[in-house]
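Spelled out, the chains give:
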Amino acid sequence: MRVHKSNSGFTILEFLVASGLTVTIATAAILGVNAILDYKKNETTKPKLILEAYNILNEIEKNFDNRCVSMGNLLLREQCYPFQYFPTGGPVTNYPSLVFFVNSADGPQLLCYSMGRLPSVLGGDVTTTSPCGLFKSIKDATSCATIWQAFETVVDLYTEFIGDDGDKVAKLANLISEVVVLFEIHLVRFESDGISLKYLNTDAQLIKINMGLGTLGEDNIDPKDLAFMEITIGTLLKSQHKKYFSLGADERRAFLEKNGERLSRLLPWRI
């Protein structure tokens, strides 16, 4: 078979091979540049995400240190303060909420941290993949006095934040972060060796504690056995929320590890 040459002296085969190599090299170069840009972007944004999570943990820790105790604690010194965590419910439906009382000059005040969809003005909507954030709401001392007196272990504290206008916590005035995609609370106790830690609710079960009694999911727990509470915060750029929430649980963990930040902090449970 005769090999034809182009006017420039190259065979057609050589020309095709050279063209293919050029395309391959160009594609690799583009991918390489994109990879570098992604890396640079992550290197720029991750410190901001870390700082955001760090500041949130600081705020929750400060309020947790200032938590109120039930009246029985005045003499018994037991760890009996009203404290509830709802991993799949709360003021913002189907999102985790942490509710407890804090001290104030006017008396106990009920505090609620809840994750939920951002208001529409910030790009949120009703879809399951729209951006999320973390909200904080607090009841005034006058309202809390009534709640405090009537409180029983069977009461869901988050209902105090739900009114006729729906999910009241998830409004712009209560927003403290628009990059939070993960918010979890875990209870921790010491193992029998006094050194190792045992996480009691790795799957973030419902927690209710008051008057010296506690439940974790459907099981009873003794608040006096608890050593720590762990808070976990995951942050991610708002532009990546849609992708994150479209993934399964395992894929979300990998995506957050690559593109965002996840910080945890152990807080001493006892006063």
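Whatever comes next refers back to the structure up there.
Residues numbered from 1 in each chain as written. Predicted model: local features only at pLDDT ≥ 70, side-chain atom pairs only at ≥ 80, totals over all residues. Heavy atoms only, no water.

Engineer: Is there a simple way to think about the layout of surface pockets in this case?
Structural biologist: Over the atoms rolls a probe the size of a water molecule, and its path tells where empty space is left. As a volume, the largest pocket reaches approximately 530 Å³. Forming the boundary of the largest pocket are 23 residues, of which Val-181, Leu-182, Glu-184, Tyr-244 and Arg-252 lie nearest the centre. Within the residue set of the lining of the largest pocket, elements represented by two or more residues are strand 3 (109-117), strand 6 (180-190), helix 4 (241-245) and helix 5 (249-259). Looking at which element gives the most residues to the lining of the largest pocket, the answer is strand 6, with 5 residues. Each residue belonging to the lining of the largest pocket can be placed in one class, and the counts come to 13 nonpolar, 4 polar and 6 charged. (1 Å grid on protein atoms, 1.4 Å probe; cavity = no way out; pocket = protein on both sides within 12 Å on 5 of 7 lines; lining within 4 Å. Points joined across faces, edges and corners; volume = space filled by probe spheres on them. Helix = DSSP H or I, 4+ residues; strand = E, 2+ residues; numbered from the N terminus. Nonpolar A, V, L, I, M, F, W, Y, C, P; charged D, E, K, R; others polar.)

Engineer: Is there a simple way to explain the sheet that holds strand 9 (residues 213-216) in this structure?
Structural biologist: In spatial order, the strands read 5-4-3-2-1-8-9-10; together these 8 strands make up an open sheet with antiparallel pairing. Edge positions in the open sheet fall to strand 5 (175-177) and strand 10 (219-221), since each of these has one partner strand only. Each strand axis lies, on average, 20° off the axis of its neighbour in the sheet, ignoring direction. Helix 3 (residues 141-150) rests against strand 2 (97-102) and strand 3 of the sheet, and its axis sits at about 100° to strand 3. (Pairing = 2+ DSSP bridges. Axes fitted to C-alpha atoms, helices over the stretch in contact; angles between N-to-C directions. Contact = heavy atoms within 4.5 Å.)

Engineer: Can you help me understand the sheet that holds strand 7 (residues 197-199) in this one?
Structural biologist: By way of backbone hydrogen bonds, the strands of a sheet pair with one another, either parallel or antiparallel. Taking strand neighbours across the sheet as the criterion, the 4 strands line up as 7-6-11-12 in an open arrangement whose pairing is antiparallel. Of all the strands in the sheet, the pair left with one neighbour each is strand 7 and strand 12 (261-268). Shown here is a sheet whose adjacent strand axes are inclined to one another by a mean of 30°, direction ignored. Of the strands in this sheet, strand 6, strand 11 (228-235) and strand 12 are in contact with helix 5, which crosses strand 12 at around 95°.

Engineer: Just checking my understanding: could you explain a nonpolar patch on the surface for this structure?
Structural biologist: On the surface, Phe-190, Leu-197, Tyr-199 and Leu-266 cluster together into a nonpolar patch covering about 310 Å² of accessible area. Among the structural elements, Phe-190 can be located in strand 6. (Patch = residues over 30% accessible without salt bridge, like charges linked within 9 Å, V, L, I, M, F, W, Y side chains within 5 Å. Areas by Shrake-Rupley, 256 points an atom, 1.4 Å probe, with all protein chains shown as cover. Salt bridge = Lys/Arg side-chain N within 4 Å of Asp/Glu carboxyl O.)

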